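Breakdown of the fold
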Amino acid sequence: MSGIDVSQNLLQDVRLYENNRERERVDCLSELYAVLKSLECLETLFAGDYIAHEEYSTECAKLLRQYKARMFITALRQAQVSNVDDFVAKYQLTCPASLERIREGHPVIVRKKENTPKLIKDVVETFITYIDQLKLNVRAVDELQPSLNDLYLSVSAFPSLPDDAESRTKVKKWYVYEALHPALLFNNTAEGEFLAYCRLDKLNEMSATEEINEEEARQMTFDIECAYTAFNRFLENH
């Protein structure tokens with residue numbers, strides 16, 4: 001065999017799949033891999049002060065939403081691992097910062113040293129914006145999710161507000177992602193039952209084109225209004 005023939009053989013494409021099911025598996029695993037590496041790079045940039053906190057928060061929240069999508073539940077199952085840490089170990093990834101960010105479930109929150117009028121204004125505005133959306137019958141996930149993210153981050157960044165304050169916990173109830181319990185990952189129940197066990201927060205469990213129903217909207221409105229009232233009460237007492 002000539003040197004030219006050898007070179008041509010080496011340049012041939014290597015097929016990673018033989019059918020549509022295998023292709024879906026490879027695509028799913030590669031996208032999870034890409035999100036983990038992207039999140040690691042973003043955390044490194046922020047730690048080195050190469051990116052502003054506002055831009056970092058936006059991009060980080062976007063990557064976390066991608067990670068929380070249903071497809072990555074499927075990716076872990078297809079990789080035959082019980083959690084993302086095992087996925088990282090199996091495919092020899094080095095991404096400690098992204099794993100820490102996933103465990104916390106939200107971007108790094110930089111709390112200011114004092115309750116400035118601007119901080120108070122920001123929190124009040126995000127509360128009002130989100131409550132107005134709900135009262136105007138906005139039900140689409142892709143419209144509610146960004147505002148909920150802004151609300152959670154603004155409340156979390158408020159310096160003197162205790163972690164167990166009602167204004168925090170009520171918002172957190174609708175925002176925070178709960179990780180899969182390893183024992184449930186390979187549950188042999190039907191797909192619908194499996195997803196119910198995953199306990200994803202409501203909005204992240206749904207696709208962008210879906211809408212929350214009226215019962216969910218009513219409960220969400222009640223919780224967020226209670227949180228807003230609690231925040232105003234906190235300001236009056238401090």
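Described in the following lines is the structure provided in the data block.

What counts and how
Residues numbered from 1 in each chain as written. Predicted model: local features only at pLDDT ≥ 70, side-chain atom pairs only at ≥ 80, totals over all residues. Heavy atoms only, no water. Helix = DSSP H or I, 4+ residues; strand = E, 2+ residues; numbered from the N terminus. Buried < 20%, exposed > 50% of the residue type's maximum accessible area, 1.4 Å probe, protein only. Contact = heavy atoms within 4.5 Å. Core = buried A, V, L, I, M, F, W, Y, C linked by side-chain atoms within 4.5 Å. Salt bridge = Lys/Arg side-chain N within 4 Å of Asp/Glu carboxyl O.

1. What to know about unusual backbone geometry
Of note, Asp49 is a non-glycine position whose phi angle comes to about 60°, a positive value. A positive phi angle, close to 55°, is found at Gln92, a residue other than glycine. Tracing the backbone through its elements, the reader meets Gln92 in the loop between α5 (84-90) and α6 (96-104). A relative accessible area of 71% means that Gln92 is categorised as exposed.

2. Re the environment of Ala97
Looking at the secondary structure, you find Ala97 in helix α6. The exposure class of Ala97 is partly exposed, given its relative accessible area of 23%. Note: C-alpha distance between Ala97 and Glu40 (57 residues apart in sequence) is 5.6 Å. If we skip the residues at most four places from it in the chain, Ala97 touches Glu40 and Glu43.

3. Concerning the nonpolar core
It is characteristic of soluble globular proteins that their nonpolar side chains tend to be buried jointly. Grouped together as the largest cluster of nonpolar side chains are 27 residues, with contacts concentrated most on Phe127, Tyr130, Val171 and Ile224. If you tally residues by element for this core, the top one is helix α7 (residues 117-135), at seven residues. Membership of the second largest hydrophobic core comes to 25 residues, among which are Val35, Leu63, Phe87 and Ile102.

4. Concerning the pattern of salt bridges
For the structure on display, the rule yields 12 salt bridges. Between Arg103 and Glu100 there is a salt bridge; the shortest N-O distance is 3.6 Å. Of this pair, Arg103 and Glu100 both sit in helix α6, three residues apart, which is roughly one turn of the helix. What makes Arg103 exposed here is its relative accessible area of 52%. Across the salt bridge formed by Lys170 and Asp223, the nearest N and O atoms sit 3.7 Å from each other.

5. Let's talk about the environment of Ile73
Assignment of secondary structure puts Ile73 in helix α4 (residues 70-78). Classification of Ile73 by relative accessible area gives buried; the value is 5%. Between the alpha carbons of Ile73 and Leu32 there is a distance of 9.8 Å; along the sequence they are 41 residues apart.

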